[in-house]
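Coordinate analysis (summary)
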Amino acid sequence: MKNRLALLALAMLAQGGWATQLQVDVLVMPAWLERGAVKKPLLPGATLHAGDVIRTGAGARAYLKMSDGAQIRLGEQTRLHIAALDGKPRVSNVSLDMLQGALRLGSPQVARDIGLRVVDVDAVLRQGDIWARSSASADMLGLVEGQAAISHQGQQLELSETMTYVQAERKQPLAPVRGFNLDQLQKWSGETEILEGQGAAISGGPVWLLLGEFSAQAEALALYDQLRQNGYPARLQPLGHGDRLRYRVRITDFADTDDARATLQRLRQQLNTPLGDIRTR
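Residues numbered from 1 in each chain as written. Predicted model: local features only at pLDDT ≥ 70, side-chain atom pairs only at ≥ 80, totals over all residues. Heavy atoms only, no water.

1. Points about the pattern of salt bridges
Using the criterion set out here, one finds 14 salt bridges in the structure. Across the salt bridge formed by D258 and R261, the nearest N and O atoms sit 3.1 Å from each other. Of this pair, D258 and R261 both sit in helix α4 (residues 257–271), three residues apart, which is roughly one turn of that helix. Assessed through its relative accessible area of 41%, D258 is described here as partly exposed. Each of D120, D139 and R170 takes part in one network of salt bridges that share partners. (Salt bridge = Lys/Arg side-chain N within 4 Å of Asp/Glu carboxyl O. Helix = DSSP H or I, 4+ residues; strand = E, 2+ residues; numbered from the N terminus. Buried < 20%, exposed > 50% of the residue type's maximum accessible area, 1.4 Å probe, protein only.)

In structure tokens form, the structure reads like this:
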């Protein structure tokens, strides 16, 4: 019996024990998860898979965390395609395509290589910390520390010097490697960092927003659908029964009241939500 259990455990490890996990760690809404033909609001704590596309809206941010410690920080108006996400440690089959926006990728020294494509520029981050941006006119990769292999239109180069970057104008070769200073890094980081009171949501966060309470289910569903279409993970909560049945529309999991308040202000500007009551579990 013991041998059988041991064999079963080894089989489970062989099937999935080495698979890399990627989860949403911290989120500032609005943001969406596109999985195949399905598009829905991104949730804090959500597990992501190969083939998923993450999209952030205006003012949004998303921190994604891998099981080996690597972290991906997405700025606003960013689209990230998770091209590959599996395999054994130190094997480079974690691959990310940033289709637009800004991203910071930090990989600990013990982690696997990570492939990153920024529209027309390919990189393999061996270890360390890289910042990237893609705009309509150019792609840019900056090495904060560590080592990265870069390729673009047949050009190959190694970035290994701390605080250096490369840039490629659209349909042009890579420009020469240049340096950047701490002031520039701070400016870039502001595009991907989540600041205190900016609207952070975390899995199991204690604060929630009541955005509507209705006696008619159709009214509740209209607000629920509107919020979700706009990248806010609304929840529908029935209350009472019979003639007293009512429906609450709410958004949960905020880190604190300041974060809930920041999201409420954004919602009022964007969607003119009927209520805005901040509550704690």
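2. Structural notes on the side chain of R250
Tracing the sequence through the fold places R250 in strand β19 (residues 246–254). D253 provides the closest opposite charge to the buried, unpaired R250, separated from it by 8.5 Å. Side chain to side chain, R250 and Q237 meet in a polar contact 3.4 Å long. In this view, R250 contacts W208, L209, L210, L211, P233, A234, R235 and Q237; residues no more than four positions away in its chain are not counted. (Lys, Arg positive; Asp, Glu negative; His and termini not counted. Polar contact = N/O pair within 3.5 Å; in protein donor to acceptor, adjacent residues only side chain to side chain. Contact = heavy atoms within 4.5 Å.)

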